[in-house]
Amino acid sequence: MAGKATSEAPASGTEETASESATESATVPATGLSGEVAASESTGKEQAGEPREPVSQAPSPTALPGPAAPVSSVATKPAPPSEDVPSSPLMLTIVDVSHNSVTVSWEPPEKLGRLGLQGYVLELCREGASEWVPVNPRPMMVTQQTVRNLALGEKFLLRVAAVSSAGAGPPAVLDQPVHIQEIIEAPKIRVPRHLRQTYIRLVGESINLQIPFQGKPKPQASWTHNGQALDSQRVSVRSGDQDSILFIRSAQRSDSGCYELTVRLEGLEAKATIDILVIEKPGPPKSIRVLDVWGCNAALEWTPPQDTGNTELLGYTVQKADKKTGQWFTVLERYHPTTCTISDLIIGNSYSFRVFSENLCGLSDTATSTKETAHIQKADITVKPKGFIKRDFSEAPSFTQPLADHTSTPGYSTQLFCSVRASPKPKIIWMKNNMDIKGDPKYRALSEQGVCTLEIRKPSPFDSGVYTCKAINVLGEASVDCRLEVKASATH
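This structure is a prediction, so every number in the text was calculated from the model and none was measured.

J.: Explain the packing of aromatic side chains residue by residue, including any values.
T.: The tally for this structure, following the rule as stated, stands at four aromatic pairs. Seen in terms of ring centroids, W302 and Y316 are 5.6 Å apart; in terms of plane orientation they differ by 70°. Their pairing is edge-to-face. Taken together, the residues W302 in strand β21 (residues 297-302) and Y316 in strand β22 (residues 315-322) connect sequence positions 14 residues apart. Accessibility expressed as a relative area gives 4% for Y316, which makes it buried. Taking the centre distance of 6.4 Å and the plane angle of 55° together, the rings of W302 and Y335 count as tilted. In this pair, W302 sits in strand β21 while Y335 sits in strand β23 (residues 328-335), placing the two residues 33 residues apart along the sequence. Taking the relative accessible area as the measure of exposure, W302 reaches 3% and is therefore buried. Here the aromatic cluster, defined as three or more aromatic residues joined through ring pairs, consists of W302, Y316 and Y335.

Shown next, in the form of structure tokens:
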């Protein structure tokens, strides 16, 4: 037997009303219950009772036994035999308690009674009261029930009794009273993704951090800056039920550091840290000088700036200007070393140089310029042409790709390939079985860019043999050969 039900908590009334309700809840109905309960907001599957004979007349109502049971003014008949009344339900336990409801469950009694089980009656006794008030006015065939609409801070006892047509059995009572109180949800801070890394702002910009958090009841939020309390003259904080906002109207470099948000709730706390970096443009390099000038080149050296703008430098920008035009041209950008060499300077011109520092905010407002100019002097250049040495490319013939043995089919033209290198151009001679085949119309010899080709038109088995390619020039000769086999097609 299993089922669940939901009921509203009974309103506390006079002792007489509670007594009548308790008596009514214990009264056996005249006919067998169908299993449906007319309780407010009741849901669930009911237990299926054991089949039993309908009773023509219900026995006298009997109040549920238990502590501080109300005294009924109605005269009752003698109690029915114990074998007709079910025993008390087993394992009455609390399943869940929220801020306005409680759910209890139990197991069916060991003895259902001879007349069968009609359901269960759940009763409530508030702290300081002596009467038990029924939660459901009629027996319900469920083994789990939820009582809703309870007030915060309320304390009460619960008991449940099994009911048959002979009456209600002894109740099962909770060992401890139920206390309805607000559920505590541990605090949790949800730092936005863009704040999980260093949050960078420029000097003069506003800082507006909105950090959401969770927790019930409302937790207490507090901020610190580098482990110290915030300066209320510069930083304003507003904390609500679900978030905390930190606001700085005009950020200064002193506002950089680690900000920690702490959310506390009844001994529980959650912390989150946010790193803020307030930066500005860097200062220019301290000094710059020309180290050396040679040819069309000039070597420069400078010292890093004293103020980097509260962040690391991205590098330096180096510019040059010739004395004639006075226009500045960038030659190096985001250059990290503090020395450089400027090349491709025009002969006869004098050059000035300047260097900017650069960080995330951009280039420094001013640059450091060289006090002296670098003059590219004209030099006497004497051209000494070198004598031309003619190279001799003469070379005796040598085959870079030899002939390869080949098998052909009668009636299908085939080709033999090889490559030769020689200077001057060699004379190519093709031979079959050491016999020169020049002038034979069956063969066609080609030679282009050192690639020698012999085409054999429609060969027959008679054309099988050893073919040789010989290259000859004034420096020597070389030859390669291969075997050609023309196989006659098999006949069936």
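J.: Outline the sheet that holds strand β13 (residues 207-216), supporting the account with residue identities and numerical values.
T.: Here we have four strands laid out as an open sheet, ordered β11-β13-β17-β16, and antiparallel in their pairing. Because the sheet does not close on itself, it has two edges, and the strands there are β11 (185-189) and β16 (235-239). When the angles between neighbouring strand axes are averaged without regard to direction, this sheet yields 15°. Of the pairings in the sheet, the one linking β11 to β13 comprises three bridges and is antiparallel in character. What sits directly across from I189, in β13, is F213.

J.: Outline the pattern of salt bridges, listing residues and values.
T.: Using the criterion set out here, one finds 15 salt bridges in the structure. R264 is paired through a salt bridge with E269; the nearest N and O atoms lie 3.2 Å apart. Accessibility expressed as a relative area gives 41% for R264, which makes it partly exposed. Taken together, the shared-partner salt bridges connect R253, E280 and D307 into one network.

J.: Which residues make up the layout of surface pockets, and what values go with them?
T.: Estimated volume of the largest pocket: approximately 230 Å³. Every residue lining the largest pocket is counted, 13 residues in all, and those nearest its centre are I428, W430, K438, G439 and A445.

J.: Tell me about unusual backbone geometry, and please be specific about residues and values.
T.: Of note, the amide linkage connecting K216 to P217 takes the cis form, showing an omega dihedral of -10°. Among the secondary structure elements, P217 is positioned in the loop between β13 and β14 (220-225). Residue S423 is joined to P424 through a cis peptide bond whose omega torsion reads 0°. Secondary-structure assignment places P424 in the loop between β31 (414-423) and β32 (427-432). Even without glycine at this site, R334 takes up a positive phi of about 45°. Note on placement: R334 falls in strand β23. Here the phi dihedral of Q449 falls at roughly 55°; this positive angle occurs in a residue that is not glycine. Relative to the assigned elements, Q449 resides in the loop between β34 (443-448) and β35 (451-456).

J.: Describe in detail the state of the cysteines, supporting the description with residues and values.
T.: Overall, the coordinates contain zero disulfides when judged by the stated rule. Lacking any disulfide linkage, C469 is separated from the closest cysteine sulfur, that of C418, by 3.7 Å. For C469, a relative accessible area of 0% puts it in the buried group. For the unlinked cysteine C482, the closest cysteine sulfur is that of C418, found at 8.5 Å.

J.: Before we move on, can you summarise the sheet that holds strand β20 (residues 288-294) with the specific residues and values?
T.: Hydrogen bonds between backbone atoms are what pair the strands of a sheet, whose relative direction is either parallel or antiparallel. On the basis of which strands lie adjacent, the open sheet formed by three strands has the order β20-β21-β24 and antiparallel pairing. If you trace the sheet from one side to the other, it starts and ends with β20 and β24 (339-342), each paired once. Averaged over neighbouring strand pairs, the angle between their axes works out to 20° when direction is ignored. Pairing of β21 with β24, which is carried by four bridges, proceeds in the antiparallel orientation. Note that in β24 the partner of L300 across the bridge is C340.

J.: Residue-level account of the environment of P285, with values.
T.: Among the secondary structure elements, P285 is positioned in the loop between β19 (268-279) and β20. On the basis of relative accessibility, which here comes to 2%, the residue P285 falls in the buried class. Expressed as a C-alpha distance, the spacing of P285 and T338, which sit 53 residues apart in the sequence, is 9.5 Å. In this structure, P285 is in contact with W302, T303, P304, P305, Y316, V355, F356, S357 and T368, ignoring residues within four places of it in sequence.

Analysis parameters
Residues numbered from 1 in each chain as written. Predicted model: local features only at pLDDT ≥ 70, side-chain atom pairs only at ≥ 80, totals over all residues. Heavy atoms only, no water. Phe/Tyr/Trp six-rings, centres within 6.5 Å; stacked < 30°, edge-to-face > 60°. Helix = DSSP H or I, 4+ residues; strand = E, 2+ residues; numbered from the N terminus. Buried < 20%, exposed > 50% of the residue type's maximum accessible area, 1.4 Å probe, protein only. Pairing = 2+ DSSP bridges. Axes fitted to C-alpha atoms, helices over the stretch in contact; angles between N-to-C directions. Salt bridge = Lys/Arg side-chain N within 4 Å of Asp/Glu carboxyl O. 1 Å grid on protein atoms, 1.4 Å probe; cavity = no way out; pocket = protein on both sides within 12 Å on 5 of 7 lines; lining within 4 Å. Points joined across faces, edges and corners; volume = space filled by probe spheres on them. Disulfide = S-S within 2.5 Å. Contact = heavy atoms within 4.5 Å.

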